[in-house]
Amino acid sequence: MQEYISKQHQILRPAEQIYAAISRFDNLTPALADKVEEWQASEEHCSFKAKGFTVKLRMEERIEPKHVKIIGDEGSGVPMDFAFWIQLHKVSDTDTRLRLVLHVELNMMMRMMIGNKLQEAVDHIAEGIARAFQ
């Protein structure tokens, strides 16, 4: 299993406030509904179309206010096993550090073909989440 870790981002907000927003897919609707096709979300599950494929995700684990773990749901449309963590580290009441970690099972050829793109995607998503809270 390969691991892709984003750069750490500082968010000048309480960890509890950030956690409340990221721990439910339906909270992400305003930010994502116009950026992906066919966005649908409930508290636990979401689905959307990306490059013609339907992607289904579900919340696997939540530890308030430290992290959420997201995995592919039944019939996820993603042809590989993965787990995606959004980690929060509370530095002070108004200083939180955010980092994303993607664990994904890739064979050697896939790693060579998309490894750099996955790293870029993880960094881009982390930056986008951090920017949304500024």
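See the structure shown above.
Residues numbered from 1 in each chain as written. Predicted model: local features only at pLDDT ≥ 70, side-chain atom pairs only at ≥ 80, totals over all residues. Heavy atoms only, no water.

A. View of the overall build of the chain. A tally of helices and strands in the chain yields three helices and eight strands. In summary, the chain has a C-alpha radius of gyration of 15 Å against a globular reference of 14 Å for 134 residues, a match within 12%. Projected onto its principal axes, the C-alpha coordinates of the chain cover approximately 45 × 30 × 25 Å. Buried positions account for 37% of the 134 residues belonging to the chain. Look at the contacts in the chain between residues 6 or more apart in sequence, and 47% of them connect residues 24 or more apart. (Helix = DSSP H or I, 4+ residues; strand = E, 2+ residues; numbered from the N terminus. Rg over C-alpha atoms; globule rule 2.2 N^0.38 Å. Buried < 20%, exposed > 50% of the residue type's maximum accessible area, 1.4 Å probe, protein only. Contact = heavy atoms within 4.5 Å.)

B. The arrangement of the side chain of Ser-23 in detail. Tracing the backbone shows Ser-23 in the loop between helix H1 (15-22) and helix H2 (29-32). For Ser-23, a relative accessible area of 7% translates into the label buried. A polar contact of 2.9 Å, which involves the side chain of Ser-23, links it to the backbone oxygen of Tyr-19. Among all residues touching Ser-23, those that are not within four sequence positions of it are Glu-43, Met-59, Arg-62 and Val-68. (Polar contact = N/O pair within 3.5 Å; in protein donor to acceptor, adjacent residues only side chain to side chain.)

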